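# Per-entry structural report
What follows is each chain in one-letter form.
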Amino acid sequence: MATAVAPANPRSRVITASLVGTTIEFYDFYVYATAAVLVFPILFFPTGNDTTSLLASFGVFGAAMVARPIGAMVFGHFGDRFGRKATLVASLLTMGIATFLIGVLPTFQQINWWAALLLLFLRLAQGFALGGEWSGAALVATENAPEGKRAWYGTFPQLGAPIGFIIANGIFLAINALLPHESDASLKSEAFLSWGWRVPFLFSAVMVIVGLWVRLRLVESEAFTRAESKGAIRKYPLATVFRHHWKQLILGTFIMLATYVLFYLMTNFTLTYGTKAASLEAASAAAQAAAESTGAAFDPSAFAAQFYPGLGFGYTNFVIMQIVGVVFFGVFTLVSGPLADRIGRRKLLIWVTAAILLFGFTFNFFLLPQATPELTFAFTQAFLILGFLLMGLTFGPMGALLPELFPTNVRYSGSAIAYNVSSILGAAVAPLIAVALWSSAGGEPWLVGIYLSAMAALTLIALILSPETKDLDLNAELGVPAQP
């Protein structure tokens, strides 16, 4: 009797399953990143010092990146050992539950510093889940892709980043508009600080249910089932990837580095810098009002000593400007796939990374206040469009490139570890480094740009040392066979 062959995943199912999961993943992270700027310094870290509260909030934001490599190892083990489908379902559930629970947390005013501790714990759970989510989604896309279209298919999990950003910030914008401050649009209303900020976190439950329904309908890829039938599945894939593929791990980590730094500077740092008051008087008034609303002490002289200016845009206006830029992020993520399939991942990324390196030298040109508010708006919007355009071109090919560095029996572990270790070197510290450099430059962003250029130089070196993976046959690359 002939052995039944598992049905192939239809193209629509592959695209939807890889896109929906990463959309939810990035939505959850963007919701947290936005709250880390808008409300968490007030509600969870009311230190009385504007910069200290912001740094504490960013510190918890970055803590999740430390948990991501642990999640990569755990989910990578199960994904390489038992299959992609169940592992993807588990990572999505973990992320969704953690995000929902953040939405029901008591604040500092209710349980003191226990609130910050619980927030840290749930943030670590988010990071742990994300450690296994991206690579699994990328494998679903690339291992089920038709010949010659692997980079194109690999852009669909990457497309979750701009879509998640637009949904998350669109919801925050709507809530902010529905719950405005009664006298000052630049401040958060009592209703927003009390319950409005919780809505985006609670809404993630709806998105998770949709994602689970899609992913439960997947079947395993041909690459994994072939490796399983050939006896290539390893009992300890983590040990195998460190022993036999450590060079690929290092290359993959540094190949992602510039992408991560650019990603968090364009989303997190620019929101902070763009909405920070341009004058001490305006900033002091806003900080004093925030302190009074939470009962925290406010010292005007201490605030003045640590103040450094931003661009002074209102939150709503700046997020709309970011969303305009993110549209270019999405479009050029899709554009990058066919380009990478045609000319190769390595060649495309070398050119794009060189452009990112040059882009880092333009921060002061674009991001300093201009002669008129209209010119400041135009220069800032141009900066956001250019930065997000480069983000799409560098992020898109990663969905194919990182999995292609590793054979099937360690592909989940290898790509997940490289992707998430890079998150520590890039994303975890990027907001903290950016704030410190911004402060040390007296409120000018040029040192932040130099930091981006330096990280792009490291990525360029890794790309030059890496092989071209465009023509690899993923079904033939099974890896080191299991020991008898």
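Structure: above.
Residues numbered from 1 in each chain as written. Predicted model: local features only at pLDDT ≥ 70, side-chain atom pairs only at ≥ 80, totals over all residues. Heavy atoms only, no water.

This brings us to the overall build of the protein. If you tally the helices and strands in the protein, you get 23 helices and zero strands. Each of the 484 residues in the protein was classed as buried or not, and the buried ones make up 57%. Long-range pairs, those at least 24 residues apart, make up 87% of the contacts in the protein between residues at least 6 apart in sequence. (Helix = DSSP H or I, 4+ residues; strand = E, 2+ residues; numbered from the N terminus. Buried < 20%, exposed > 50% of the residue type's maximum accessible area, 1.4 Å probe, protein only. Contact = heavy atoms within 4.5 Å.)

Turning our eyes to something else, we now look at the pattern of salt bridges. Two side chains that carry opposite charge are able to pair once their charged atoms sit near each other. In the structure shown here, the tally under the stated rule is five salt bridges. Several salt bridges converge on common partners, so that one network encompasses R150, D341, R345 and E404. (Salt bridge = Lys/Arg side-chain N within 4 Å of Asp/Glu carboxyl O.)

To continue, consider the packing of helix α3 (residues 50-82) against helix α4 (residues 84-102). Contact geometry for α3 and α4: axes closest at 7 Å, N-to-C directions at 155°. Judged on the interaxial angle alone, α4 and α3 are roughly antiparallel. Here F75, F78, G79 and D80 of α3 come into contact with α4, specifically with R84, T87, A90, S91 and T94. The class makeup of the residues in the contact of α3 with α4 is three nonpolar, four polar and two charged. (Axes fitted to C-alpha atoms, helices over the stretch in contact; angles between N-to-C directions. Parallel < 35°, antiparallel > 145°, perpendicular 65-115°, else oblique. Nonpolar A, V, L, I, M, F, W, Y, C, P; charged D, E, K, R; others polar.)

Next up on the list: helix α22 (residues 430-440). Taken together, the buried positions of α22 are A430, P431, A434, V435, L437 and W438. Relative to the axis of α22, the buried residues are bounded by an arc of 165° and lie together on one face. On its buried side, α22 packs onto α3, α13 (257-275), α21 (411-428) and α23 (446-465). G442 occupies a position one or two residues after α22 and carries a positive phi of about 70°. (Arc of directions from axis to C-beta.)

What follows covers the environment of G387. You can see G387 is positioned in helix α19 (residues 373-395). Distance from G387 to F359, taken between C-alpha atoms, is 7.7 Å for residues 28 residues apart in sequence. If sequence neighbours within four positions are ignored, G387 has contacts with L262, M266 and F359.

Turning our attention to the packing of helix α17 (residues 345-359) against α23. Relative placement of two packed helices is described by the angle separating their axes and the distance separating the axes. The geometry of α17 relative to α23 is characterised by a closest axis approach of 8 Å and an angle of 160° between their N-to-C directions. Taken as axis vectors, α17 and α23 run roughly antiparallel relative to one another. Crossing hand, α17 versus α23: left-handed. Only L452, S453, A456, A457, T459, L460, L463 and I464 of α23 make contact with α17, whose side of the interface consists of R346, L349, I350, T353, A354, I356, L357 and F359. Grouping the constituent residues of the contact of α17 with α23 by class yields 12 nonpolar, three polar and one charged. (Left-handed = near helix turned anticlockwise from the far one by under 90°.)

Before going further, it helps to examine the nonpolar core. Counting residues in each nonpolar core, the largest one holds 132 residues, and the members touching the most others are F40 and W197. When residues in this core are grouped by element, the largest group, 15 residues, is from helix α1 (residues 11-38). The residues touching F40, leaving out its near neighbours within four places in the chain, are Y32, A35, F45, S57, I102, L119, W197 and F201. (Core = buried A, V, L, I, M, F, W, Y, C linked by side-chain atoms within 4.5 Å.)

Next up on the list: the packing of aromatic side chains. Within this structure, the stated rule accounts for 37 aromatic pairs. When the centroid spacing of 6.3 Å and the interplanar angle of 45° are considered together, the rings of F172 and F192 count as tilted. Of the two residues, F172 is situated in helix α7 (residues 150-178) and F192 in helix α8 (residues 190-194); the sequence distance between them amounts to 20 residues. The buried category is assigned to F192, whose relative accessible area is 0%. Centre to centre, the rings of Y260 and Y264 are 6.5 Å apart; their planes meet at 20°, and the pair counts as stacked. Pair noted here: Y260 and Y264 are both in helix α13, with a separation of four residues, about one helical turn. Each member of the pair, Y260 as well as Y264, is classed as buried. (Phe/Tyr/Trp six-rings, centres within 6.5 Å; stacked < 30°, edge-to-face > 60°.)

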